[in-house]
Amino acid sequence: MSNALYFDCFSGISGDMLLGSLLDLGLSLEALSSELSKLKVKNFTLSAKKVLKSGIAATKFDVQIGHEHVPRNFFDIERIIQVSDLSQTVREKAIGIFKRLAEAEAKVHGSTLQEIHFHEVGAVDAIVDIVGACIAFELMGARTILASPLNVGSGFVESAHGTLPVPAPATAELLKGIPVYSNQVCGELVTPTGAAIISAFSQGFGTLPKLKIGKIGYGAGTKEIKGFPNVVRVLQGELLEEEDLTETAGTDSRVVVIETNIDDMNPQIYGYLQEKLLALGALDVFAYPVQMKKNRPGILLTVVTSCDQVEAVSGLIFGETTTIGIRYHETKRRVLKRETEFLESEYGKVGVKVSRMNGKIVNFSPEFEDCRQAAEKHHVPYKWVQSSIVQQFMNLHGKEILLERSISSS
């Protein structure tokens, strides 16, 4: 079951490199082009061709545009996406990525979302790259998206604002909380668009996980770097967690629980912080109200993470919240063996998360995003889709589950 994508960003990443790698993996250019045609933007065509980069065959994705020099701010781009016929999921994700990009640009240039007019970012090719990435991930149905630390390059880059250091200030802003490095290759390897896309979609950044590789794709960048392959590699396959390698009742592992009490922070920040922590690789994030000293209402923020992520998670908490101190302790957790089973239903293919103990089904739950997309596509309530999938799964496995329970209780 090919349910995971891992982006190996040893030569950085850009929007066209990411889409090139997914096309190389098997994404249909025709399907991508058909979906992008739902944007009310004209005068662009897509192309993809095989090229060699330091001896590696890769797909080069390009957007050819007509004579367009229309300055756009975030709200212009938001309107373009909102009035399109794209799915709600794609629209929301694309707008969210552009907003983060606009906020980063506005911050580093001391401007506002209304005042900042994009140059590279507002061009049609960037709109195609960002919206195209959202479409591509939806079409491919990846359950898990991960990435390596990002090689950002070194030196300086020319922009509409003048000569800027690498990584460019907006790129650096987007990469807060994400592990980066430079192997001293001269040039900009991570673009603002690439940083915005991968930081929005990747659920974690680190070394290659245990993965049963099914397919591999390479996306080519534009630059020619002597003696260095300017490509991004994506590995598609089945993610093998420790609990997938055993049939025991559960697998124990060591984790760290980080806590902090906060009574002076805008509550809007908690949702944003949760997204950032989960993207960084935290295992769980939750918050609940507490009564603090001087009878002040506050929030107890709790984060569960792996032992090797303590520094990164702590740094993100200190950077994004008003806390000046945290508590943490190491503990154990036990998890059940999990997998995703796909059902062909009247609403299309829907994944069901299945948990087992000693080989027996204990819990199952239809994938939320699959049910949501099916409900939107067929114009029916979400609960109808969910109930239908639950019933179909029970028809396939219900007697077996009930039999197992009756045997164990007899």
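Residues numbered from 1 in each chain as written. Predicted model: local features only at pLDDT ≥ 70, side-chain atom pairs only at ≥ 80, totals over all residues. Heavy atoms only, no water.

A. Geometry of the overall build of the protein. The helix and strand inventory of the protein stands at eleven helices and 19 strands. Compactness check: the protein gives a C-alpha radius of gyration of 23 Å against a globular reference of 22 Å for 410 residues, within 12% of the reference. Counting only C-alpha atoms and orienting by the principal axes, one finds that the protein spans roughly 75 × 60 × 45 Å. The buried share among the 410 residues of the protein stands at 47%. Approximately 20,300 Å² of the protein is accessible, and the part contributed by carbon and sulfur atoms is 53%. Between the averaged position of the 42 positive side-chain charges in the protein and that of its 48 negative side-chain charges there is a distance of 3 Å. (Helix = DSSP H or I, 4+ residues; strand = E, 2+ residues; numbered from the N terminus. Rg over C-alpha atoms; globule rule 2.2 N^0.38 Å. Buried < 20%, exposed > 50% of the residue type's maximum accessible area, 1.4 Å probe, protein only. Areas by Shrake-Rupley, 256 points an atom, 1.4 Å probe, with all protein chains shown as cover. Lys, Arg positive; Asp, Glu negative; His and termini not counted. Charge placed at Lys NZ, Arg CZ, Asp CG, Glu CD.)

B. Examining the pattern of salt bridges more closely. Applying the stated criterion across every chain yields a total of 18 salt bridges. Close ionic contact of lysine 60 with aspartate 16 constitutes a salt bridge, the shortest N to O distance being 3.1 Å. Linking lysine 60 in strand β3 (residues 56-65) with aspartate 16 in helix α1 (residues 15-25), this pair joins segments that are 44 residues apart in sequence. One exposure class covers both lysine 60 and aspartate 16, and it is buried. Note that lysine 40 and aspartate 85 form a salt bridge whose closest N and O atoms lie 3.4 Å from each other. Of the two residues, lysine 40 is situated in the loop between α2 (29-36) and β2 (44-53) and aspartate 85 in the loop between α3 (74-82) and α4 (88-108); the sequence distance between them amounts to 45 residues. The two residues lysine 40 and aspartate 85 agree in class, both being exposed. Where salt bridges share partners, they join Glu92, Glu369, Arg372 and Glu376 into one cluster. (Salt bridge = Lys/Arg side-chain N within 4 Å of Asp/Glu carboxyl O.)

C. Geometry of the packing of aromatic side chains. In this structure the tally under the stated criterion is six aromatic pairs. Ring geometry for phenylalanine 286 against tyrosine 288: centres 6.2 Å apart, planes inclined by 10 degrees, an arrangement best described as stacked. Between the NZ or CZ atom of lysine 349 and the centre of the ring of phenylalanine 342, over which it lies, the distance is 5.9 Å. (Phe/Tyr/Trp six-rings, centres within 6.5 Å; stacked < 30°, edge-to-face > 60°. Lys NZ or Arg CZ within 6 Å of the ring centre and 35° of its normal.)

D. Region of interest: the packing of helix α8 (residues 268-280) against helix α9 (residues 310-320). Here α8 crosses α9 at 160 degrees, and the two axes come no closer than 11 Å. By the angle class used here, α8 and α9 are roughly antiparallel. Here α8 runs over α9; the crossing is right-handed. Taking contact as the criterion, the partners of Ile269, Tyr272, Leu273, Lys276, Leu277 and Leu280 in α8 are, on α9, Ala312, Val313, Leu316, Ile317 and Glu320. (Axes fitted to C-alpha atoms, helices over the stretch in contact; angles between N-to-C directions. Parallel < 35°, antiparallel > 145°, perpendicular 65-115°, else oblique. Left-handed = near helix turned anticlockwise from the far one by under 90°. Contact = heavy atoms within 4.5 Å.)

E. Layout of unusual backbone geometry. Cis geometry is adopted by the peptide bond preceding proline 167, which originates at valine 166 and carries an omega value of -5 degrees. Mapped onto the fold, proline 167 is located in the loop between β8 (162-165) and α6 (169-174). A positive phi angle, close to 50 degrees, is found at serine 54, a residue other than glycine. Relative to the helices and strands, serine 54 is located in the loop between β2 and β3. Of note in this structure, asparagine 295 is not a glycine but carries a positive phi near 60 degrees.

F. Fine view of the environment of asparagine 295. Among the secondary structure elements, asparagine 295 is positioned in the loop between β14 (284-291) and β15 (297-306). On the accessibility criterion, asparagine 295 (59% relative accessible area) is exposed.

G. The arrangement of the nonpolar core in detail. By size, the foremost hydrophobic cluster in this structure holds 59 residues, and its most contacted members are Phe7, Leu18, Leu22, Leu36 and Val131. Not counting the four nearest positions on each side in its chain, valine 131 is found in contact with Leu36, Leu39, Ile81, Leu86, Val90 and Ala94. (Core = buried A, V, L, I, M, F, W, Y, C linked by side-chain atoms within 4.5 Å.)

H. Seen up close, the environment of leucine 19. When you line up the elements, leucine 19 lands in helix α1. Using a relative accessible area of 0% as the deciding quantity, one classes leucine 19 as buried. Each C-alpha atom, one on leucine 19 and one on alanine 133, is 6.3 Å from the other, the two residues being 114 residues apart in sequence. When near neighbours in sequence (up to four residues on either side) are disregarded, leucine 19 contacts Leu32, Phe61, Val128, Asp129, Gly132, Ala133 and Ala136.

I. Molecular detail of the environment of proline 165. In this structure, proline 165 sits in strand β8. According to the relative accessible area criterion, proline 165 is partly exposed, its value standing at 40%. For proline 165, the residues in contact, after removing those within four places along its chain, are Gly155 and Phe156.

J. Just the confidence of the model for the protein, in detail. The pLDDT averaged across the protein works out to 88; a share of 91% of its residues lies at or above 70. Below a pLDDT of 50 lies the segment residues 242-249, which in the model reaches 21 contacts outside its immediate sequence neighbourhood of four places, other chains included. Counting interchain partners and residues more than four positions distant, the pLDDT-below-50 stretch residues 402-410 has three contacts. (pLDDT = per-residue confidence, 0-100.)

K. Structural detail: the side chain of glutamate 35. Its location among the elements puts glutamate 35 in helix α2. Residue class for glutamate 35 comes out buried when judged on its relative accessible area of 19%. Glutamate 35 has contacts with Leu86 and Ile135, leaving out every residue within four places of it along the chain.

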